[in-house]
Amino acid sequence: MSGVHNVFHVSLLRKYVPDASHVIDFSSIKVKADATFVVEPVRILDRSTKRLRRKEVDLVKVCWSHHDEGDASWELESVMRAEYPKLFLD
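Worth saying up front: this structure is predicted, and the values here are computed from it rather than measured. (Residues numbered from 1 in each chain as written. Predicted model: local features only at pLDDT ≥ 70, side-chain atom pairs only at ≥ 80, totals over all residues. Heavy atoms only, no water.)

Caption draft 1: How the structure looks around the overall build of the chain. Across its full length, the chain carries 1 helix and 3 strands. In sequence order, the secondary structure elements of the chain are arranged as β-β-β-α. Taking 90 residues into account, the globule formula puts the C-alpha radius of gyration at 12 Å, and the chain, at 19 Å, lies well above it. Oriented by its inertia axes, the alpha-carbon framework of the chain measures out at about 50 × 40 × 25 Å. (Helix = DSSP H or I, 4+ residues; strand = E, 2+ residues; numbered from the N terminus. Rg over C-alpha atoms; globule rule 2.2 N^0.38 Å.)

Spelled out as structure tokens, the structure:
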């Protein structure tokens, strides 16, 4: 992929066809005065252990609020346990 240029070609554009399912409900997102909003973890999707040279690091795949599962990210389990202990009650 390093040989692929990140170029957008106008020939790939298509006319947008309006669809009622494309409407986003913004009422559930609370935006602050400085145009930011808080994203909280919803649930843990997966666990993994990454092996480094001299130690092992426990990771969890976290699904965040206002995002779908495709946008989940791998986070350190120790950090998530410290900041969001409610995710680990089970």
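Next, the rest of the story.
Caption draft 2: Just the nonpolar core, in detail. By size, the foremost hydrophobic cluster in this structure holds 7 residues: Val-60, Val-62, Trp-64, Met-80, Tyr-84, Leu-87 and Phe-88. By residue number, the principal contributor to this core is strand 2 (residues 56-64), which donates 3 residues. Setting aside residues up to four positions removed in sequence, Met-80 forms contacts with Pro-41, Val-60, Val-62, Trp-64, Glu-75, Pro-85, Leu-87 and Phe-88. (Core = buried A, V, L, I, M, F, W, Y, C linked by side-chain atoms within 4.5 Å. Buried < 20%, exposed > 50% of the residue type's maximum accessible area, 1.4 Å probe, protein only. Contact = heavy atoms within 4.5 Å.)

Caption draft 3: Just the environment of Arg-43, in detail. Within the secondary structure layout, Arg-43 lies in strand 1 (residues 41-51). Note on Arg-43: relative accessible area 36%, which makes it partly exposed. It is 9.9 Å that separates the C-alpha atoms of Arg-43 and Val-60, two residues lying 17 residues apart in sequence. When residues no more than four places from it in sequence are discounted, the contact partners of Arg-43 are Lys-61, Val-62, Cys-63, Glu-69 and Leu-87. Polar side-chain contacts of Arg-43 include one of 2.4 Å to the side chain of Glu-69. (Polar contact = N/O pair within 3.5 Å; in protein donor to acceptor, adjacent residues only side chain to side chain.)

Caption draft 4: Fine view of the sheet that holds strand 1. Pairing is antiparallel across the open sheet formed by 3 strands, whose spatial order is 1-2-3. Looking at strand neighbours, the two that pair on one side only are strand 1 and strand 3 (73-76), the edges of this open sheet. With direction set aside, neighbouring strand axes in the sheet form an average angle of 35°. (Pairing = 2+ DSSP bridges. Axes fitted to C-alpha atoms, helices over the stretch in contact; angles between N-to-C directions.)

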